[in-house]
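# Working through the structure, step by step
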Amino acid sequence: MLKKVRKAVFPVGGLGTRFLPATKAMPKEMLPVVDRPLIQYAVDEAREAGIEEFIFVTGRGKVIIEDHFDRSYELESVLQERGKNDVLDALQDSLPNTGSVAYIRQQEPQGLGHAVWCAKRYVGDEPFAVILADDLILSDKACLAQMMETRDELGGGNILAAMEVPHEHTSRYGIIKPGFDDDKKVEVTHLVEKPNPSEAPSNLAVIGRYILEPAVFGILENQARGAGNEIQLTDALSDMLKSSPFYGLRFEGTRFDCGDKIGFLHANVAFALKRDDTARDFGDIIRSIAADL
Ligand code: UTP
């Protein structure tokens, strides 16, 4: 029987240099889109996909992420006294169950591959998901839930979220060399980290959602440093392709790179225009700004 994906790893150990000075004393993952931090969207997505255990790979200066996913008794009692029960309920609902969250320190930000490897003992010998909170996805059904369905359909394997990008942007992503392709699922025959457009095998990029078999840990263990002198997850996945099937899923939804200023601003506009409580007033503001451009 296909093993269920019960655990998700959230690598939040990066330095977020593209977002300085905002990220000097505050983790990038706590930047809010409308009124929720990026990491909250990531955890909500995992919960919607049926994840039961949440493993954060953190680093220096990231403790407010731990506080964010903890009870705040002072705040809760003030909300109760003031009769703000709806806010209180929302706060309590946003917390993962007691005992289902673990934090591991990466100690040194040696790259995404290294961050994932740090979760090895907590994940153990079972398939798991990886979610990068700075890749925010606006969709009707959670991207990870779509990937779980694809894994069920295929009867297992490693699943990567995939997205067509402009050809000239291939050097920003891990790029898939496609095999069998039914326009939704695509077999991954090779992966190349950040290729120049002239060398890219396609314009199908991997973005920050993965369902992986635990064999990846054995490969990451001996993974040499790659691009940017970091231990790259894409390099390990590329090695793993020789022994384990990989599929890309062209998910339904829009992805925003919230590790980047423009992507983050775009996400705020898109989410605010989608939400019932902000869409109308914010829409008026956007229209009036656009009229003056
Ligand atoms: P990025 O490539 O966005 O790097 O990492 P970064 O350090 O966060 O940001 P910039 O490029 O300096 O602005 C992609 C994801 O991998 C995590 C990050 O937290 C982010 O979710 N990461 C990266 C780690 O957890 N550890 C690392 O050593 C590197």
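The structure contained in this document is the topic of the report that follows.

Rules of the game
Here the residue index of a chain counts from 1 through its sequence in written order. Given that the model is predicted, a residue must reach a pLDDT of at least 70 before its local features are reported, and side-chain atom pairs must reach 80 or more before they are shown or counted; all residues, however, enter totals for whole chains, interfaces and linings. Side-chain measures here rest on the full set of heavy atoms in the structure, leaving out hydrogens and waters. A run of H or I in DSSP becomes a helix once it reaches four residues, and a run of E becomes a strand once it reaches two; helices and strands are each numbered from the N terminus. In this text, near means that some heavy atom of the residue lies within 4 Å of the molecule or strand in question. Polar contacts here mean pairs of N or O atoms no more than 3.5 Å apart (in protein, one a potential hydrogen donor and the other a potential acceptor; neighbouring residues in sequence count only if both atoms are side-chain atoms). Computed by Shrake-Rupley with a 1.4 Å probe, the accessible areas treat only the displayed protein chains as cover when residues are assessed. Nonpolar residues are Ala, Val, Leu, Ile, Met, Phe, Trp, Tyr, Cys and Pro. Charged residues are Asp, Glu, Lys and Arg, and all others, Gly as well, are polar. Each Phe, Tyr or Trp ring, with Trp reduced to its six-membered ring, pairs with another whose centre is within 6.5 Å; inter-plane angles below 30 degrees give stacked pairs, above 60 give edge-to-face pairs, and intermediate values give tilted ones. Think of it in three bands: residues with accessible area under 20% of the maximum for their type are buried, residues over 50% are exposed, and the middle band is partly exposed, with areas taken using a 1.4 Å probe on protein chains only. To qualify as a nonpolar core, a set must consist of buried Ala, Val, Leu, Ile, Met, Phe, Trp, Tyr and Cys residues joined through side-chain atoms within 4.5 Å. By definition in these notes, contact holds between two residues if any of their heavy atoms fall within 4.5 Å. Here, strands pair whenever DSSP counts at least two bridges between them. For salt bridges, the criterion is a side-chain nitrogen of Lys or Arg within 4 Å of an Asp or Glu carboxyl oxygen.

## Remarks on unusual backbone geometry
In this structure, Pro 21 follows Leu 20 across a cis peptide bond, with omega equal to 5 degrees. With respect to the helices and strands, the residue Pro 21 is situated in the loop between β1 (7-11) and β2 (32-33). Here the phi dihedral of Val 34 falls at roughly 60 degrees; this positive angle occurs in a residue that is not glycine. You will see that Gln 107, though not glycine, has its phi angle at about 65 degrees, which is positive. The topology assignment puts Gln 107 in the loop between β5 (101-105) and α5 (112-117).

## Notes on the site of the ligand
Within the structure, the ligand sits among 17 residues, and Gly 13, Thr 17, Arg 18, Lys 28 and Gly 111 are positioned closest to it. In the environment of the ligand, an oxygen atom lies 2.9 Å from a nitrogen or oxygen atom belonging to the backbone of Leu 15. Within the backbone of Gly 111, one N or O atom sits 2.8 Å away from an oxygen atom of the ligand. For the ligand, whose free accessible area comes to 560 Å², the fraction covered by protein is 83%. Along the lines of polarity and charge, the residues of the shell around the ligand split into six nonpolar, seven polar and four charged.

## Section: the packing of aromatic side chains
A complete count under the given rule lists eight aromatic pairs for this structure. Seen from their ring centres, Phe 19 and Phe 264 are 5.3 Å apart, and the 85 degrees between their planes marks the pair as edge-to-face. Residue Phe 19 is located in the loop between β1 and β2, and its partner Phe 264 is located in helix α10 (residues 261-274); the two are separated by 245 residues in the primary sequence. The residues Phe 19 and Phe 264 share a single accessibility class, namely buried. Relative to Phe 271, the ring of Tyr 41 lies with its centre 5.2 Å away and its plane at 75 degrees, an arrangement referred to as edge-to-face. Here the residue Tyr 41 occupies a position in helix α1 (residues 38-48), and Phe 271 occupies one in helix α10, the gap between them amounting to 230 residues.

## Side note on the nonpolar core
Nonpolar side chains tend to gather and get buried jointly when the protein is soluble and globular. Ranked by internal contacts, the top residues of the largest apolar core, which has 50 residues, are Phe 10, Val 33, Ile 39, Ile 51, Phe 56 and Leu 144. No other element matches α1, which puts six residues into this core. Among residues more than four places away in sequence, those in contact with Val 33 are Leu 38, Tyr 41, Leu 136, Cys 258, Phe 264, Ala 267, Asn 268 and Phe 271. In this structure, Ile 104, Val 130, Val 186 and Leu 241 belong to the second largest nonpolar core, which totals 31 residues.

## Things to note about the pairing of strand β4 (residues 53-58)
Most of β4 sits out of view: five of its six residues are buried. Pairing of β1 with β4, which is carried by five bridges, proceeds in the parallel orientation. Its bridge partner lying in β4, Phe 10 is registered against Phe 56.

## Details of the pattern of salt bridges
Taken as a whole and assessed by the stated rule, the structure comprises 24 salt bridges. Glu 53 is paired through a salt bridge with Arg 6; the nearest N and O atoms lie 3.3 Å apart. With Glu 53 in strand β4 and Arg 6 in the segment before β1, this residue pair connects regions lying 47 residues apart in the sequence. Among the salt bridges present, the one from Glu 29 reaches Lys 62, with a minimum N-O distance of 3.1 Å. Here Glu 29, found in the loop between β1 and β2, pairs with Lys 62, found in the loop between β4 and α2 (63-68); they are 33 residues apart in sequence, far enough to count as distant. No difference in accessibility class separates Glu 29 from Lys 62, as the two residues are buried. Each of Lys 4, Arg 6, Lys 7, Glu 52, Glu 53 and Glu 126 takes part in a single network of salt bridges with overlapping partners.

## Things to note about the side chain of Ser 100
Tracing the sequence through the fold places Ser 100 in the loop between α4 (85-93) and β5. Residues within four places of Ser 100 in sequence aside, it is in contact with Glu 52, Glu 53 and Phe 54.

## Details of the side chain of Lys 28
Position of Lys 28 among the secondary structure elements: in the loop between β1 and β2. Of the polar contacts made by the side chain of Lys 28, one reaches the side chain of Asp 134; its length is 2.7 Å. Aside from chain neighbours lying at most four places away, what touches Lys 28 is Gly 16, Arg 18, Thr 23, Leu 38, Lys 62, Asp 134 and Gly 259.

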